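Coordinates in review
Letter by letter, the chains look like this.
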Amino acid sequence: MPENLKKSIIKTFATEWFLYIFFLIIITIFIVFTIIFERQQVIKREENRLSTQVKIVNDNILMQIYSVNEAFKNIKTVIDKKNDLISNLKLFVNVIPSVRTFLIMDKNGNVIASSRDDLTTFNYSSRDYFKTVKNNPVENKLFISSPYISVLGTLNINIATPFFDDKKNFAGIILAAFDPDALSNLLTSVIYADDMKASIIHGDGTLFLTLPTNSLLVGKKLLDSQSLLSKHISSGNILNTFKGLTYVGEDNRILSIYSIIPNELDVNTPLYVSVSRNLSILYSDIKNEIIVMAILYFLLL
């Protein structure tokens, strides 16, 4: 074989291998960047969706709190008119969706009026939520109780405010107890995937409601220095989105959390709502794409 022809063949062969390797490198870079881009897009898309869902819950609960506050104002104007008082309490239960019961107690914790006839004989002076208001009787201030077991046997929270006699002395409290079922339905309404979890947490870190229900965690204080809730509170932001282990599971999740704070009202503590998704499930579609890309890649080898 002539030397020139031999060199030409070697040069052509080397060029083809160079182009082949270059092509594989380009394909590899493309696949890597596609995977990274898709992961970022998945996270960004889910952050937006979860942020929207927690805001829906926030707006709904805020509306309930504002409605309760307006009801309290009305009740104070008829608090000495027994017939009008009870009819008003029952009316407010019917028009405020997330409230199950309205109660009025005197300064000793005795029920003097109720939207429910079966609660009129109770005395609540030993309850922490009564003591909290009695020991801090600030006019028009709203007190959101920590979760407690109600006389109806369910875990609940309430909003209370003090009222005063003609001499400005503490005369008792007006209380609106939330309906846990209505709040659970609200959480259900923002769940759009089987792997999602949604929760309402009291300002002291006590888990009030979570879906799916977790009896081991509900009613427990979950506030510690490493929790995502602690990070949210310390950030000072009203809305945050985190990735990591959450208080309601051992799996890695993306979680949005929102502080429910009625800024126009004097409230003793916020509530928090969180909605999350499982990161592994979110990435499952990308894993399928990676498998397809890998098969095509090896076919090119």
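Residues numbered from 1 in each chain as written. Predicted model: local features only at pLDDT ≥ 70, side-chain atom pairs only at ≥ 80, totals over all residues. Heavy atoms only, no water.

Bringing the overall build of the protein into the picture now. Assigned secondary structure in the protein consists of seven helices and 12 strands. Looking at the protein residue by residue over its 301 residues, the buried ones come to 45%. Put simply, 57% of the contacts in the protein that link residues at least 6 apart link residues at least 24 apart. Total accessible area on the protein stands at roughly 16200 Å², and carbon and sulfur atoms take up 57% of it. (Helix = DSSP H or I, 4+ residues; strand = E, 2+ residues; numbered from the N terminus. Buried < 20%, exposed > 50% of the residue type's maximum accessible area, 1.4 Å probe, protein only. Contact = heavy atoms within 4.5 Å. Areas by Shrake-Rupley, 256 points an atom, 1.4 Å probe, with all protein chains shown as cover.)

What the rule picks out here adds up to eight salt bridges. Lys73 is the salt-bridge partner of Glu70, the closest N and O atoms lying 3.3 Å from each other. A residue pair is termed a helical-turn pair when its members lie 3 or 4 positions apart in one helix, as Glu70 and Lys73 do in helix H1 (residues 3–77) at three residues. Note on Glu70: relative accessible area 47%, which makes it partly exposed. (Salt bridge = Lys/Arg side-chain N within 4 Å of Asp/Glu carboxyl O.)

Tracing the sequence through the fold places Thr121 in the loop between strand S2 (111–114) and helix H3 (128–135). By relative accessible area, which is 70% here, Thr121 ends up exposed. For the pair Thr121 and Asn110, spaced 11 residues apart in sequence, the C-alpha separation works out to 7.6 Å.

Another point: the confidence of the model for the protein. Regions with low pLDDT should not have their predicted coordinates read in detail. Looking at the protein, the pLDDT average stands at 85 and 79% of residues meet or exceed 70. Per-element mean pLDDT across the protein ranges from 61 in helix H7 (residues 284–300) up to 97 in strand S3 (residues 143–144). (pLDDT = per-residue confidence, 0-100.)

Under the definition given, this model contains one cavity of 30 Å³ or more. Its volume calculated, the largest cavity comes out at about 120 Å³. Every residue lining the largest cavity is counted, 13 residues in all, and those nearest its centre are Leu119, Tyr148, Ser150, Val151 and Ala177. For the lining of the largest cavity, the secondary structure elements donating two or more residues are strand S1 (99–106) and strand S7 (170–178). Tallying contributions element by element places S1 first for the lining of the largest cavity, with three residues. Tallied by class, the residues present in the lining of the largest cavity amount to nine nonpolar, three polar and one charged. (1 Å grid on protein atoms, 1.4 Å probe; cavity = no way out; pocket = protein on both sides within 12 Å on 5 of 7 lines; lining within 4 Å. Points joined across faces, edges and corners; volume = space filled by probe spheres on them. Nonpolar A, V, L, I, M, F, W, Y, C, P; charged D, E, K, R; others polar.)

With that settled, the discussion passes to a nonpolar patch on the surface. Together, Phe122, Val151 and Leu152 make up an exposed nonpolar region whose accessible area comes to about 210 Å². Position of Leu152 among the secondary structure elements: in the loop between strand S4 (148–149) and strand S5 (155–156). (Patch = residues over 30% accessible without salt bridge, like charges linked within 9 Å, V, L, I, M, F, W, Y side chains within 5 Å.)

A large share of strand S11 (residues 252–260) lies buried, amounting to eight of its nine residues. One ladder, built from seven bridges, connects strand S10 (residues 239–245) with S11; its direction is antiparallel. Paired with Leu239 across the strands is Tyr258, a residue of S11. Here S11 pairs with strand S12 (residues 271–278) via eight bridges, running antiparallel. Looking at S12, one finds that Tyr258 is bridged to Val273. (Pairing = 2+ DSSP bridges.)

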